[in-house]
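Chain by chain, the residues run as shown.
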Amino acid sequence: MKLTDIKKQGYSALINALGVAGTLKFLQQLEVCYGNYTEERDQHMDKLTVDDFRNFVKQKQELDKKNDQSSNPDYTTIASYSSLPVNLDTN
């Protein structure tokens, strides 16, 4: 199979599964990366300590908790007033 055929079938599959708008959103999230990930990771990770990582996790958890409490509406309540069928199960 030629690369052009694979791309054509891939785009068709995405459009069939996600629709045009969903396909565009999906494709916008893809990016081409350059370089050697392993080398770059090793350069950066060698500088981090366990304490740095613990502090990062703690800050992330505090930020997530703050965002959950202040800015996230109760979508279950909102959906219960809607006449549209909505599946809110994200698990």
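Given the structure is predicted, the values throughout are model-derived calculations rather than measurements.

1. A few points about the overall build of the protein chain
So, point 1. Assigned secondary structure in the protein chain consists of 4 helices and 0 strands.
So, point 2. Each helix (α) and strand (β) of the protein chain, taken in turn from the N terminus, gives the series α-α-α-α.
So, point 3. Considering the protein chain as a whole, with its 91 residues, one finds that 2% of them fall into the buried category.
So, point 4. Accessible surface for the protein chain amounts to roughly 9,000 Å². Of this, 55% is attributable to carbon and sulfur atoms.

2. Some words on the pattern of salt bridges
So, point 1. Going through the model one piece at a time under the given rule, you end up with 3 salt bridges.
So, point 2. Ionic pairing is found between Arg 54 and Asp 51, a salt bridge with its closest N-O pair at 3.4 Å. Highlighted residues: Arg 54 and Asp 51, both in helix α3 (residues 50-70), separated by 3 residues, approximately one helical turn.
So, point 3. Of the residues examined, Asp 51 reaches a relative accessible area of 47% and is grouped as partly exposed.
So, point 4. As a salt-bridge pair, Lys 60 and Asp 64 come within 3.0 Å of each other at their nearest N and O atoms.

3. Side note on the confidence of the model for the protein chain
Note that predicted coordinates carrying low pLDDT should not be read in detail.
So, point 1. Taken residue by residue, the protein chain gives an average pLDDT of 78. The fraction at 70 or more is 76%.
So, point 2. When pLDDT is averaged over each helix and strand of the protein chain, the minimum, 45, is found for helix α4 (residues 75-80) and the maximum, 93, for helix α1 (residues 3-28).
So, point 3. Below pLDDT 50 for its whole length, residues 75-88 participates in 5 contacts with residues either more than four positions away or in separate chains.

4. Side note on the environment of Leu 14
So, point 1. Looking at where Leu 14 falls in the secondary structure, it is placed in helix α1.
So, point 2. You can call Leu 14 partly exposed: its relative accessible area is 21%.
So, point 3. On a C-alpha basis, the gap between Leu 14 and Leu 24 in space is 9.3 Å, while along the polypeptide they are 10 residues apart.

5. Examining the side chain of Thr 23
So, point 1. Tracing the backbone through its elements, the reader meets Thr 23 in helix α1.
So, point 2. For Thr 23, a relative accessible area of 4% gives the class buried.
So, point 3. Here the side chain of Thr 23 touches Leu 14 through a polar contact of 3.1 Å, landing on its backbone oxygen.
So, point 4. For Thr 23, the residues in contact, after removing those within four places along its chain, are Leu 14, Ile 15 and Leu 18.

6. Focus: a nonpolar patch on the surface
So, point 1. Taken together, Tyr 11, Ile 15, Leu 18, Val 20, Leu 24, Phe 26, Leu 27 and Leu 30 make up a surface patch of nonpolar side chains, about 720 Å² in accessible area.
So, point 2. When you line up the elements, Leu 30 lands in the loop between α1 and α2 (37-45).

7. Some details on α1
Three- or four-residue spacings in an α-helix give side chains the same orientation, since the helix completes a turn every 3.6 residues.
So, point 1. Between its first and last C-alpha, α1 extends only 21 Å over 26 residues, short of the 38 Å set by a 1.5 Å rise per residue.
So, point 2. In the structure, α1 departs most strongly from a straight axis at Gly 19, where the bend amounts to approximately 110°.

The rules behind each value
- Residues numbered from 1 in each chain as written.
- Predicted model: local features only at pLDDT ≥ 70, side-chain atom pairs only at ≥ 80, totals over all residues.
- Heavy atoms only, no water.
- Helix = DSSP H or I, 4+ residues; strand = E, 2+ residues; numbered from the N terminus.
- Buried < 20%, exposed > 50% of the residue type's maximum accessible area, 1.4 Å probe, protein only.
- Areas by Shrake-Rupley, 256 points an atom, 1.4 Å probe, with all protein chains shown as cover.
- Salt bridge = Lys/Arg side-chain N within 4 Å of Asp/Glu carboxyl O.
- pLDDT = per-residue confidence, 0-100.
- Contact = heavy atoms within 4.5 Å.
- Polar contact = N/O pair within 3.5 Å; in protein donor to acceptor, adjacent residues only side chain to side chain.
- Patch = residues over 30% accessible without salt bridge, like charges linked within 9 Å, V, L, I, M, F, W, Y side chains within 5 Å.
- Expected span 1.5 Å × (residues − 1).
- Bend = angle between axes of the 7 residues up to and from the residue.

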